[in-house]
Amino acid sequence: AHGYTKYNTWSDIESWITSISSSNSELISTEVIGKTYEGRPMTVLKIGKKSSSTKPAIFMDCGIHAREWISPAFCQWFVNEAVSTYGSDAQMTSLLNQMDVIVLPVFNIDGYIYTHTNDRMWRKTRAKNSGTSCIGTDPNRNFDAGWCTVGASSNPCSETFCGSSVESEIEVKNVANFIRKNKSIIKAYITIHSYSQLLLFPYSYTYELAADHSELVSQHHVAEGASAALRSLYGTRYTSGPGASTIYLAAGGSDDWAYDLGVKYSYTFELRDTGRYGFLLPESQIKPTCEETMLAVKYIAAYVQKNL
Ligand code: 0X9
Ligand code: ZN
Ligand code: ZN
């Protein structure tokens, strides 16, 4: 059965998507943005008060990497928190009145299932590669952002295989097509990973920084404010900064791609912890991790909303 303080299977998440959207039809609508390599529908939940005019939106995805289980747990937590605090929490109410938050709870569904059934440490997609028995591409090396130039591998057997071409992965193509199609309304892109307790912004494919000085200042400002908000709850320390200098140079990531498309506020979270448990974060840490991360995401959302 589904729960917010456990790591749910894909089948439990699938039923949860149906039930939470049907019991909150005033606030949630769903859209299938395409199918995975193995044929599963990729459903986004659009959360917000229905409006006759088109609303600006924040796009958030979880589970790009299969083994980072705390990430889909956060997207589920976020959706529940949004619908259950709408009308009582002033910030959430104002946010969902003015904007929509579009949530993709699990990006790499095939990989996520594989981590439950075969290999807990699987990272990539499950697509076949030609000329080798090695399976999968790193979806976060497959976006059109300095593709395969640095911090990525052209070897299909590598954990950071960039794929046979840009957007070769159907899951990446589906998300990129959806964001391109909704480019004019998407004001922020948030992608949730684990682990390391970092809040990263572009670029990761180059040491260059945002072209515009005021934009760079606001990227820093937002990341620092969000990290401080997160820390205020349980003292969890996050490091924030541009991806390349904060973790490593790595091309083909979704954050850099969204930013270069014109989504000015583009952030990658690396949730708890710093390595004690790593990807195997105990279920007892789901609640505190999600509670503190909510504060950071709400900080970013408030900033974006204020600067529409
Ligand atoms: O390497 C990644 O894709 C991310 N770290 S993880 O441990 N979750 O794999 C960091 C992504 C930072 N952004 C880009 N490289 N564009
Ligand atoms: Zn990741
Ligand atoms: Zn300055």
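Everything here concerns the structure above.
Right, let's walk through the structure included here. Remember, predicted model here, so these are calculated numbers, not experimental data.

What counts, and at which threshold
- Residues numbered from 1 in each chain as written.
- Chains lettered and ligands numbered in written order.
- Predicted model: local features only at pLDDT ≥ 70, side-chain atom pairs only at ≥ 80, totals over all residues.
- Heavy atoms only, no water.
- Disulfide = S-S within 2.5 Å.
- Helix = DSSP H or I, 4+ residues; strand = E, 2+ residues; numbered from the N terminus.
- Buried < 20%, exposed > 50% of the residue type's maximum accessible area, 1.4 Å probe, protein only.
- Donors = N, O, S within 2.8 Å, 3.2 Å for Na, K, Ca; no water.

## Observations regarding the state of the cysteines
Part 1 of the argument: Enumeration over the complete set of coordinates arrives at 3 disulfides.
Part 2 of the argument: Residue cysteine 62 pairs covalently with cysteine 75 via a disulfide, S to S 2.1 Å. Looking along the S-S bond of the cysteine 62-cysteine 75 disulfide, the torsion reads about 80°, which is the right-handed sense. You can see cysteine 62 sitting in strand S3 (residues 57-62) and its partner cysteine 75 sitting in helix H2 (residues 70-85), a full 13 residues away along the chain.
Part 3 of the argument: Take cysteine 62: its relative accessible area is 0%, and that puts it in the buried class.
Part 4 of the argument: The class of cysteine 75 is buried, set by a relative accessible area of 1%.
Part 5 of the argument: Through a disulfide, cysteine 148 is tied to cysteine 162; the S-S separation comes to 2.1 Å. Around the S-S axis, the bridge from cysteine 148 to cysteine 162 shows a dihedral of about -75° and counts as left-handed. Of this pair, cysteine 148 sits in the loop between helix H4 (109-117) and helix H5 (170-181) while cysteine 162 sits in the loop between H4 and H5, and the two are 14 residues apart along the sequence.
Part 6 of the argument: Residue cysteine 162 is classed as buried on the basis of its relative accessible area, which comes to 1%.

## Quick look at the coordination of the zinc ion (ligand 2)
Part 1 of the argument: Those donors, His65 (ND1), Glu68 (OE), Glu68 (OE) and His193 (ND1), are the protein atoms that reach the zinc ion (ligand 2), and they lie 2.0 to 2.3 Å from it.
Part 2 of the argument: Donor residues for the zinc ion (ligand 2) sit on one chain with the sequence pattern H-x2-E-x124-H. Linking histidine 65 in the loop between S3 and H2 with histidine 193 in strand S5 (residues 186-194), this pair joins segments that are 128 residues apart in sequence.
Part 3 of the argument: Judged by relative accessible area, which is 3%, histidine 65 ranks as buried.

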